[in-house]
There are 2 protein chains.
Amino acid sequence: MAFQLEPYLKERRALVEAELKKVYPDGSPQALREATEYSLLAGGKRLRPILALAAAEAVGGRAEDALAPALALEMIHSYSLIHDDLPAMDNDDLRRGRPTNHKVYGEGMAILAGDALLTDAFYVIGKVAKQVSGSDGGALGSRAARCVLEVAHAAGSAGMVGGQVLDIQATGKKQTEQQLVDIHRMKTGALFVAAVVCGAIMGGANPDTVERLRRFAQHAGLGFQIIDDVLDVTQDSATLGKPQGSDAAAGKTTYVDVLGIDGAKARAADCLKKALAEIDALGANAQALSAIAKYLIDRDR
Amino acid sequence: MAFQLEPYLKERRALVEAELKKVYPDGSPQALREATEYSLLAGGKRLRPILALAAAEAVGGRAEDALAPALALEMIHSYSLIHDDLPAMDNDDLRRGRPTNHKVYGEGMAILAGDALLTDAFYVIGKVAKQVSGSDGGALGSRAARCVLEVAHAAGSAGMVGGQVLDIQATGKKQTEQQLVDIHRMKTGALFVAAVVCGAIMGGANPDTVERLRRFAQHAGLGFQIIDDVLDVTQDSATLGKPQGSDAAAGKTTYVDVLGIDGAKARAADCLKKALAEIDALGANAQALSAIAKYLIDRDR
């Protein structure tokens, strides 16, 4: 029977959400936990953690071994949404149809909730990394220690936060295709790539395979972003869940601006092809990862 | 010749400041680096990193081996000041006699600068933790991997961020001594303790010695906080560098409120005595650490 993506995603989302309820260190104040859980448990596709688990399986490892960086990356994604929505940033009142974090808990608590999620993400990886001198020879601990660098680099000033700064600076100024690629590689691509790379590391991949999966994720992440830009101008607001043309309205250069709709679609298809070629040699172990890449790029919503 | 603390602190401050200029990952945008350096390189006593280096020496290790967590903790301290000063938090316009970060770079950039410092702190530790499978047998890498958990726990929702939430909730409400101790243990004590513990870990201390140094830091951190409260009511504004009685004005319960001035002084002296007793067995290696503890508690400014 062919691989069924929908039930796979549903089951993995349920696993991730059950685990996200257990990430808090003992002693975190109830009020802070409420504010963080409001955003962390607000649904969403859970793409980053699911990619990490699928990458661990793709290299012949066990999905559950990749849980720590998987959860950490979702916590970091959640913190970034809380801080992005703040009045001093995008000033959004709604996120996924609900009031944004600062509208419910106030700006001060929203800043702290984001800070807590970001820091606790490293607590989650650190709990596994600490087992580096463990009785099992410390294999998982050593792998988690390597993930600390991947996650911190992807989320920090040379990754997501830096990309956010470049994006703000670029708003209202026409960008070249290369500038667009650089912003997206840092702002949104880096966490996707870290998810896949950390999954591969935790699954026990050798260095060559880790780099092969890194290239897979870079191509797939770029294709995903290009299709996002295409859908922003071709789909109606109801399908998008946000106003059609919101990128243009926000003064952002898009891949449609620099490539045209057909050119952008062709570029995204090329990204998907290159991504799939990187993991072709992994065979049946990579069937979920391949299916997710197709789902991310060959889509109409 | 007796140990001279002043030249020691001066030399260590210079070392820490030189190293803080090199913490950024390649590819972090210039505008973001400017905003983070404005706060990170704005001076300060550099107590946390100096404590980490001194703790490494106290256990017979090398100070330079503790640099990664030392720098990380200073970056985290710096991010916490940037976020604390924001209008939605303490709304401060001045810090160390200069305009606060958001007054110079705007609130959005100040939030991002804090986020970047916090994340890059784990990048700095992660670079060493990655060497867990290194050619030296990975000793430093393994130690750094253990520091990830110490730092993340101390800075996150069960540490500094959680303490900040408790402190906000307590403002304007009379606290018991135990409640005060709990707030300070999380809000300010946890980073002090992490500095000493990570220094000991990086210096190669055995588990018993690490726990001994943890108790040293808990006592010393509490004594430091108690003396802060005493000085807030006994010193004039010029000596303090902030208005006298600012804790009471901010609606905070202090150790002077619950113990009286003489009681608080006696409690601080007791903390110092207990702290020094924990490291007495370390002998001459711990002379800097002892001197710093005395300097932190037996002071009048």
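See the structure above.
Residues numbered from 1 in each chain as written. Chains lettered and ligands numbered in written order. Predicted model: local features only at pLDDT ≥ 70, side-chain atom pairs only at ≥ 80, totals over all residues.

Q: Would you mind going over helix α9 (residues 177-202) of chain A with me for this structure?
A: Residue and element names in this part refer to chain A. At G189, α9 shows its strongest bend, of approximately 60 degrees. In terms of burial, α9 is a largely internal element, 21 of the 26 residues being buried. At the exit of α9 stands G204, carrying a positive phi of roughly 90 degrees. (Bend = angle between axes of the 7 residues up to and from the residue. Helix = DSSP H or I, 4+ residues; strand = E, 2+ residues; numbered from the N terminus. Buried ≥ 20, exposed ≤ 12 C-beta atoms within 10 Å, placed from the backbone.)

Q: Just to check I follow, could you spell out the relation of the copies chain A and chain B for this structure?
A: What connects the two chain copies is a rotation about an axis and a shift along it. For these two chains of identical sequence, chain A goes onto chain B by a turn of 180 degrees and a shift of 0.0 Å along the axis, with RMSD 0.0 Å. Seen this way, the second copy is the image of the first under a two-fold rotation axis. No C-alpha of chain A lies nearer the rotation axis than that of A145 of chain A, which sits 2.7 Å from it. Looking at chain A, 100% of its interface residues are interface residues in chain B too, so the copies touch through the same face. (Least-squares fit on C-alpha atoms with pLDDT ≥ 70 in both. Contact = placed C-beta atoms within 7 Å.)

Q: Is there a simple way to explain the nonpolar core in this structure?
A: Inside soluble globular proteins, nonpolar side chains tend to come together where they are buried. Counting residues in hydrophobic clusters, the biggest one holds 210 residues, and the most contacted among them are V148 of chain A together with V148 of chain B. The residues touching V148 of chain A, leaving out its near neighbours within four places in the chain, are F122, I125 and A129 of chain A together with F122, I125, G126, A129 and V148 of chain B. (Core = buried A, V, L, I, M, F, W, Y, C linked by C-beta atoms within 7 Å.)

Q: What's the story with the interface of chain A and chain B in this structure? I'm lost.
A: Counting residues at the interface gives 49 residues for chain A and 49 residues for chain B. Where the side of chain A that touches chain B is concerned, the elements lending two or more residues are α2 (30-40), α6 (107-129), α7 (139-155) and α8 (160-170) of chain A. It is α6 of chain A that contributes the most residues to the side of chain A that touches chain B, 15 residues altogether. Looking at the side of chain A that touches chain B, its residues break down into 27 nonpolar, 15 polar and seven charged. (Nonpolar A, V, L, I, M, F, W, Y, C, P; charged D, E, K, R; others polar.)

Q: Looking at this structure, I do not really get helix α14 (residues 287-297) of chain B. What am I missing?
A: Counting along an α-helix, one turn takes 3.6 residues, and residues three or four places apart therefore face a common direction. What α14 of chain B keeps buried is the set A288, L289, S290, I292, A293, L296 and I297 of chain B. Of the surrounding secondary structure, the elements contacted by the buried residues of α14 of chain B are α1 (5-20), α3 (47-58), α10 (207-234) and α13 (255-279) of chain B.

Q: Teacher, can you tell me more about the packing of helix α4 (residues 67-85) of chain A against α7 of chain A here?
A: The geometry of a pair of packed helices is captured by two quantities: the angle between their axes and the separation between those axes. Residue and element names in this part refer to chain A. Packing of α4 against α7 brings their axes to within 11 Å, and their N-to-C directions diverge by 20 degrees. Here α4 lies roughly parallel to α7, going by the angle between them. Read as a crossing pair, α4 and α7 show a hand that is right-handed. The residues of α7 that touch α4, namely those facing A68, P69, A72, L73 and I76, are A144, C147, V151 and A155. Considering only residue class, the contact of α4 with α7 consists of nine nonpolar, no polar and no charged. (Axes fitted to C-alpha atoms, helices over the stretch in contact; angles between N-to-C directions. Parallel < 35°, antiparallel > 145°, perpendicular 65-115°, else oblique. Left-handed = near helix turned anticlockwise from the far one by under 90°.)

Q: I would appreciate a short explanation of the environment of D84 of chain B in the present structure.
A: Residues and elements named next belong to chain B. Positionally, D84 belongs in helix α4 (residues 67-85). For D84, a count of 18 C-beta atoms within 10 Å corresponds to the partly exposed category. Filtering out sequence-adjacent residues up to four positions away, D84 remains in contact with M89 and D90.

Q: How should I be thinking about unusual backbone geometry in this particular structure?
A: Residues other than glycine predominantly adopt negative phi, and peptide bonds predominantly adopt the trans conformation. Its identity as a non-glycine residue notwithstanding, R46 of chain A has a phi of 60 degrees, on the positive side. By secondary structure assignment, the location of R46 of chain A is in the loop between α2 and α3 (47-58).

Q: Any chance you could explain the environment of V132 of chain A here in plain terms?
A: Positionally, V132 of chain A belongs in the loop between α6 and α7. Considering only alpha carbons, one finds V132 of chain A and R143 of chain A, 11 residues apart in sequence, at a separation of 8.4 Å. What V132 of chain A contacts, discounting residues up to four positions off in sequence, is G138, G141, S142 and A145 of chain A together with V132, S142 and A145 of chain B.

Q: Quick question: what am I supposed to make of the environment of V151 of chain A here?
A: Residue and element names in this part refer to chain A. Note that V151 resides in helix α7. Separated by 81 residues in sequence, V151 and A70 have C-alpha atoms that sit 10.0 Å apart. With residues near it in sequence (within four places) discarded, V151 still touches P69, A72, L73, I125, A194 and C198.

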